[in-house]
Structures are given as structure tokens and as C-alpha cells.
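Letter by letter, the chains look like this.
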Amino acid sequence: LCMGYVNDEAQAKDLVQETFITVWEKHSSFRNESGIGTWIFRIASNNCLRTIEKINRFPRAEMPVQMQEINETNNEEKLQLLYRFISEMEEADRIICSLMLEGLPQAEIASVIGISDGNTRVRIHRIKEKLTLKFKLHE
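Model, not experiment: these values are computed from the prediction.

### Concerning the confidence of the model for the chain
Part 1: Looking at the chain, pLDDT values average 81 and 88% of them are 70 or higher.
Part 2: Taken element by element, the predicted model of the chain shows its lowest mean pLDDT in helix 4 (residues 74-87) (80) and its highest in helix 2 (residues 9-26) (90).
Part 3: Note that residues 67-72 has pLDDT below 50 and, in this model, 8 contacts with residues that lie over four places away or in other chains.

Now the structure itself:
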């Protein structure tokens with residue numbers, strides 16, 4: 001999820017650490033109105049959004065895409081290609097992809113993102129179509 005927001009591995013790791021520090025500090029305020037996973041994802045999203053807001057205050061020359069080239073097997077190359085294609089997507093689509101890859105059900109993704117279940121299903125379908133097209137064009 002954090003990688004989907006910031007597209008920087010080191011910064012994403014820092015955001016994950018900040019998220020779990022916040023979870024630890026605020027666990028007593030969890031009201032059980034949603035799943036614990038949804039609550040944690042919401043905290044992570046808020047941390048990421050605050051960080052992006054701070055980053056956007058200062059212009060940057062280029063947003064790096066940190067992808068390691070792995071030539072060990074064809075599957076690993078395809079996985080890296082998939083992550084590159086995901087990193088090129090719009091922010092909301094990257095976040096949805098990250099949540100899907102984490103194995104979150106569509107209903108929870110909708111809750112985390114703040115959109116309807118139906119809209120989530122449509123967006124996931126469109127994301128899959130975009131990724132399939134990119135893979136076909138890359139071959």
C-alpha cells in the first residue's frame with residue numbers, strides 16, 4: 001500500500017514503520033466498527049497522504065522508479081515488469097493494485113479507498129484490462 005502511494009522503497013518502508021507505531025499507540029482507541037485490517041490500512045493511507053502532501057510542497061526534478069533488474073527467471077522478470085506497469089498507473093489505481101496484491105477482499109478495498117463496492121469492481125476490471133494490454137504490447 002505504501003509503495004503504491006510513494007513509489008520509493010525506502011520511503012515506503014519508513015511509512016510502514018510509522019504506520020505500526022501509530023497502530024501501537026492508538027490500538028486502545030480502535031472501536032471495532034470495521035475490521036482491524038481495514039483500520040490499519042486507513043492509518044497507512046492517512047500517513048501516506050500526509051507524507052505526499054509534505055513532499056508536494058517542495059518541487060522535485062524527477063520521481064524515481066526504483067526497480068531492480070532481475071534476470072534469474074522468466075517469472076521474476078514478469079513480476080518486475082508487472083510492478084513497473086503498476087508504478088506507471090494513476091495513484092488511485094496503484095493503491096487498488098497494492099491492496100489486491102495484499103489479498104484484501106473487494107469490500108475492504110472499497111472501504112479503505114472510500115468508494116462503493118460496485119465502483120471498486122469496475123475499477124479492478126479496468127485495471128486488469130490495462131495491465132493485460134500493457135503486457136501484450138510489451139511482448
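### A look at the nonpolar core
Part 1: Counting 25 residues, the largest nonpolar core has Leu1, Tyr5, Leu99 and Leu131 as the members making the most contacts within it.
Part 2: When residues of this core are traced back to their parent elements, those giving at least two are helix 1 (2-6), helix 2, helix 3 (36-56), helix 4, helix 5 (91-101), helix 6 (106-113) and helix 7 (117-138).
Part 3: Look past the residues within four positions of leucine 99 in its chain and what remains in contact with it is Leu1, Phe41, Leu104, Ile109, Val112 and Ile113.

### Notes on the packing of helix 2 against helix 3
Part 1: Axis separation between helix 2 and helix 3 bottoms out at 9 Å; the angle between their running directions is 130°. Accordingly, the angle class assigned to the pair helix 2 and helix 3 is oblique. Note on packing geometry: the crossing formed by helix 2 with helix 3 is right-handed. Side by side, helix 2 and helix 3 meet where Gln11, Leu15, Glu18, Thr19, Phe20, Thr22, Val23 and Lys26 of the first sit next to Trp39, Ile40, Ile43, Ala44, Asn47, Cys48, Thr51 and Ile55 of the second.

Analysis parameters
Residues numbered from 1 in each chain as written. Predicted model: local features only at pLDDT ≥ 70, side-chain atom pairs only at ≥ 80, totals over all residues. Heavy atoms only, no water. pLDDT = per-residue confidence, 0-100. Helix = DSSP H or I, 4+ residues; strand = E, 2+ residues; numbered from the N terminus. Contact = heavy atoms within 4.5 Å. Core = buried A, V, L, I, M, F, W, Y, C linked by side-chain atoms within 4.5 Å. Buried < 20%, exposed > 50% of the residue type's maximum accessible area, 1.4 Å probe, protein only. Axes fitted to C-alpha atoms, helices over the stretch in contact; angles between N-to-C directions. Parallel < 35°, antiparallel > 145°, perpendicular 65-115°, else oblique. Left-handed = near helix turned anticlockwise from the far one by under 90°.

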